[in-house]
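Descriptive analysis of the structure
Here is what each chain is made of, one letter per residue.
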Amino acid sequence: MHTKLGEDHIELTDRFAPKYYEFKSVKKVPPYDFNTQFIKDLSRDNVGDLSQIQWIFDGAKSQPDFRSNLLNAVNDLSFSANILSKFGFTRNAQLRELISDNFEDVFVLV
């Protein structure tokens, strides 16, 4: 297993696929520049499954409407054809639904 530390993320790589962790200690959810950051994670060449992305939020700082705020932000996302294709979809709504269905696995409040 290979571990690489970034400025605000950790990348763990085994023989098959890396998993990217974003650690967020923010008072406002979604965090500043959420759209750009999340799209960047989905766009990574070696990410083809949502299980490879996990954003971990500091529960002591996050708002009580954490889930609804993030779901609203996800519903506003627009994905490129490349991202949609990578996840096996042709429409934005399909990927938004996948993210929503896997919310607790992608966005973790600790």
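Parameters and conventions
Residues numbered from 1 in each chain as written. Predicted model: local features only at pLDDT ≥ 70, side-chain atom pairs only at ≥ 80, totals over all residues. Heavy atoms only, no water. Buried < 20%, exposed > 50% of the residue type's maximum accessible area, 1.4 Å probe, protein only. Helix = DSSP H or I, 4+ residues; strand = E, 2+ residues; numbered from the N terminus. Arc of directions from axis to C-beta. Axes fitted to C-alpha atoms, helices over the stretch in contact; angles between N-to-C directions. Parallel < 35°, antiparallel > 145°, perpendicular 65-115°, else oblique. Left-handed = near helix turned anticlockwise from the far one by under 90°. Contact = heavy atoms within 4.5 Å. Nonpolar A, V, L, I, M, F, W, Y, C, P; charged D, E, K, R; others polar. Phe/Tyr/Trp six-rings, centres within 6.5 Å; stacked < 30°, edge-to-face > 60°. Lys NZ or Arg CZ within 6 Å of the ring centre and 35° of its normal.

1. Things to note about helix α1 (residues 34-43)
The complete set of buried residues in α1 reads Phe-34, Phe-38, Asp-41 and Leu-42. In an axial view of α1, the angular spread of the buried residues amounts to 100°, which keeps them on one side of the axis.

2. Notes on the packing of helix α2 (residues 66-75) against helix α4 (residues 92-101)
Across the interface, α2 lies against α4 with an axial gap of 10 Å and an inter-helix angle of 160°. In terms of orientation, α2 and α4 fall into the roughly antiparallel class. Relative to α4, α2 is oriented so that their crossing is right-handed. Facing Arg-67, Leu-71, Val-74 and Asn-75 of α2, the residues of α4 in contact are Arg-96, Ile-99 and Ser-100. Residues belonging to the contact of α2 with α4 are distributed by class as follows: 3 nonpolar, 2 polar and 2 charged.

3. Considering the side chain of Gln-54
You can see Gln-54 is positioned in strand β4 (residues 53-57). Overall, the relative accessible area of 16% leaves Gln-54 in the buried class. Among all residues touching Gln-54, those that are not within four sequence positions of it are Lys-19, Tyr-20, Tyr-21, Glu-22, Asp-105, Val-106 and Val-108.

4. So, the packing of aromatic side chains
Applying the stated criterion to the full structure yields 11 aromatic pairs. Considering the side-chain rings of Phe-38 and Trp-55, the 5.7 Å spacing of their centres and the 80° angle between planes classify their relative orientation as edge-to-face. You can see Phe-38 sitting in helix α1 and its partner Trp-55 sitting in strand β4, a full 17 residues away along the chain. Relative accessible area serves as the criterion here: at 0%, Phe-38 is assigned to the buried category. Trp-55 gets classed as buried once you look at its relative accessible area, which sits at 0%. Ring centres 5.4 Å apart and planes at 35° place the aromatic pair Phe-38 and Phe-107 in the tilted group. Linking Phe-38 in helix α1 with Phe-107 in strand β5 (residues 107-109), this pair joins segments that are 69 residues apart in sequence. Phe-107 shares its class with Phe-38; the two are buried. Over the face of the ring belonging to Trp-55 we find Lys-24, whose NZ or CZ atom lies 4.6 Å from the ring centre. The aromatic ring of Tyr-20 is capped on one face by Arg-44, whose charged end is 4.0 Å from the ring centroid.

Geometric values such as these leave the question of function open.
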